[in-house]
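The primary structure of each chain is shown beneath.
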Amino acid sequence: MKNIIDVDLREDQLALKEVQDVLQNPDKFIVTKQHVKGGTGLCSVCKQQFGTPHLLSCSLVFKNVMVRVTAQYPVETPCHWTKEFIEYHKLDSTPQGLLEAVRYELSTILPDKLAEYGQHLTFECLDDQSGALLKHH
Ligand SMILES: [Zn+2]
């Protein structure tokens, strides 16, 4: 079989369940007509031939991971609200409502403030064991 490993992998990367899944089941990661651009017969990303496996580095071969992000940024609130009421107001929302509010608030941070508030951002990958998946356009 043609080598689909087109990147240098460390031992720990090679041992990943997802990498092993792709290497041991290349038939599950075949370039189909939905991955081909125009009449080229090649994957629009990794340029592999229709009917052959995508390269390991192809962005159409992916996994979903769960992450945790914490952010620190200013929010305008009525001046008479206490810290406890501000938290209650947010946490009393549905999880979806809270996420929408946070997403909106983050989107209002001015570009010149991104560096300042970005310094307080934390990012943690909680679970990276979803298994390898193939995108379908
Ligand atoms: Zn590809």
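Only a predicted model underlies this, so the values are computations on that prediction, with no experimental measurement involved.

(A) Seen up close, unusual backbone geometry. Phi is positive for K47, which is not a glycine, with a value near 65 degrees. Looking at the element boundaries, K47 is found in the loop between α2 (17-24) and β1 (61-62). A count of 13 C-beta atoms within 10 Å places K47 in the partly exposed class.

(B) Seen up close, the domain arrangement of the protein chain. What the domain assignment reports for the protein chain is domain 1 (1-63 + 129-137) and domain 2 (72-120). Computed over C-alpha atoms only, the centres of domain 1 and domain 2 are separated by 39 Å.

(C) Structural view of the pairing of strand β3 (residues 122-127). The buried fraction of β3 amounts to 0 of the 6 residues, a small share that puts the element mostly on the outside. Note: strand β2 (residues 66-70) against β3, 5 bridges, orientation antiparallel. Along β3, the bridge assignment pairs V67 with C125.

(D) Structural detail: the environment of C46. Note that C46 resides in the loop between α2 and β1. Residue C46 is classed as partly exposed on the basis of its C-beta count, with 19 C-beta atoms lying within 10 Å.

(E) Focus on the environment of C125. Residue position: C125 is located in strand β3. For C125 and P53, which are 72 residues apart along the polypeptide, the C-alpha to C-alpha distance reads 28 Å. Ignoring any residue separated from it by four or fewer positions in sequence, one finds C125 in contact with V65 and V67.

About the cut-offs
- Residues numbered from 1 in each chain as written.
- Predicted model: local features only at pLDDT ≥ 70, side-chain atom pairs only at ≥ 80, totals over all residues.
- Helix = DSSP H or I, 4+ residues; strand = E, 2+ residues; numbered from the N terminus.
- Buried ≥ 20, exposed ≤ 12 C-beta atoms within 10 Å, placed from the backbone.
- Domains from an automatic or database assignment.
- Pairing = 2+ DSSP bridges.
- Contact = placed C-beta atoms within 7 Å.

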